[in-house]
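# Structure assessment
Here is how the chains run, residue by residue.
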Amino acid sequence: AKQPRNKLEIISMSNDLREAALRYHRAAPAGKLEIAATKPMATQRDLALAYSPGVAYACTEIAEDPSKAAELTARGNMVAVITNGTAVLGLGAIGPLASKPVMEGKAVLFKKFANINSIDIEVDTTDVDRFCDVVSALEPSFGGINLEDIKAPECFEIESRLREKMKIPVFHDDQHGTAIVVGAGMLNAMRYLGKDMG
């Protein structure tokens with residue numbers, strides 16, 4: 001790639017990226033996510049199976065045995081990317097609405113690189129108790145929770161409380177992702193130097 005020669009070129013490249021990014025996000029449909037059906041929806045019968053009256057059979061199966069939700073719904077392959085917008089990238093506390101493009105981006109990365117369905121949820125509170133109440137109440141909808149861009153020290157308390165309260169995996173990307181990268185770097189450095197970590 002061509003390297004910038006001076007500050008003017010750097011500013012020009014930055015402006016080009018800004019304009020390209022805004023065009024990318026504005027292109028119809030706006031944003032980066034959409035919901036798509038995984039089953040046929042072509043006939044009246046398809047619709048009767050997807051919704052009423054056929055859906056009642058899936059509901060009663062789950063009511064009798066909650067573990068059936070994994071085979072009858074998308075829950076098992078659905079992760080919520082959740083933030084309150086208090087520590088977004090290098091932008092700081094920009095709030096939940098302004099953080100939405102980042103959370104949509106994380107959701108599409110789950111799909112692109114792991115084929116995991118994901119949806120972004122931006123929670124409008126900085127109160128730890130309220131945030132934990134909102135997120136834990138969403139447990140029936142998701143197979144996992146990815147906490148994202150929540151400022152410290154609240155992020156540690158939030159993750160700890162949610163992991164204790166919820167029966168699904170709760171992962172704070174900023175903590176665990178950093179730990180994984182640092183650990184991988186250490187392992188690779190030791191391998192490169194021919195040393196044993198044991």
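Scope of this entry: the structure provided in the associated data block. Computed from a predicted model, the values in this text were never measured in an experiment.

Leaving glycine out, the prevailing phi sign among residues is negative, and the prevailing peptide bond configuration is trans. Here the amide bond leading from Ala28 into Pro29 is cis, since omega sits at -5°, within 30 degrees of zero. Here Pro29 lies in the loop between helix H1 (7-26) and helix H2 (44-50). With omega at 10°, the peptide bond leading from Ser52 into Pro53 counts as cis. Relative to the elements of secondary structure, Pro53 occurs in the loop between H2 and helix H3 (55-64). In this structure, Leu89 is a non-glycine residue whose phi angle is positive, near 45°. Structurally, Leu89 is set in the loop between strand S1 (78-83) and helix H5 (96-114). According to the relative accessible area criterion, Leu89 is exposed, its value standing at 61%. With a phi close to 50°, Asp149 is a non-glycine residue in the positive phi region. One can find Asp149 in the loop between strand S3 (144-147) and helix H7 (154-165).

Spatial ordering of the open sheet is given by S2-S1-S3-S4, a layout of four strands whose pairing is parallel. At either margin of the open sheet sits one strand with a lone partner, and together these are strand S2 (117-122) and strand S4 (170-172). Within this sheet the neighbouring strands show an average axis-to-axis angle of 25°, counted without direction. Examined bridge by bridge, S3 and S4 share three bridges and lie parallel to one another. Paired with Asn146 across the strands is Phe171, a residue of S4. Sheet contacts for H5: S1, S2 and S3; angle to S2, the most-contacted strand, approximately 170°. The sheet contacts of helix H8 (residues 173-193) involve S3 and S4, and relative to S4 the element is tilted by about 70°.

In terms of burial, S1 is largely enclosed, as five of its six residues are buried. By the bridge criterion, six bridges tie S1 to S2 in an arrangement that is parallel. Paired with Thr83 across the bridge in S2 is Glu122. In this view, the connection linking S1 to its parallel neighbour S2 by way of H5 has right-handed handedness.

What counts as what
Residues numbered from 1 in each chain as written. Predicted model: local features only at pLDDT ≥ 70, side-chain atom pairs only at ≥ 80, totals over all residues. Heavy atoms only, no water. Helix = DSSP H or I, 4+ residues; strand = E, 2+ residues; numbered from the N terminus. Buried < 20%, exposed > 50% of the residue type's maximum accessible area, 1.4 Å probe, protein only. Pairing = 2+ DSSP bridges. Axes fitted to C-alpha atoms, helices over the stretch in contact; angles between N-to-C directions. Contact = heavy atoms within 4.5 Å. Right-handed = clockwise from strand over helix to strand, strands pointing away.

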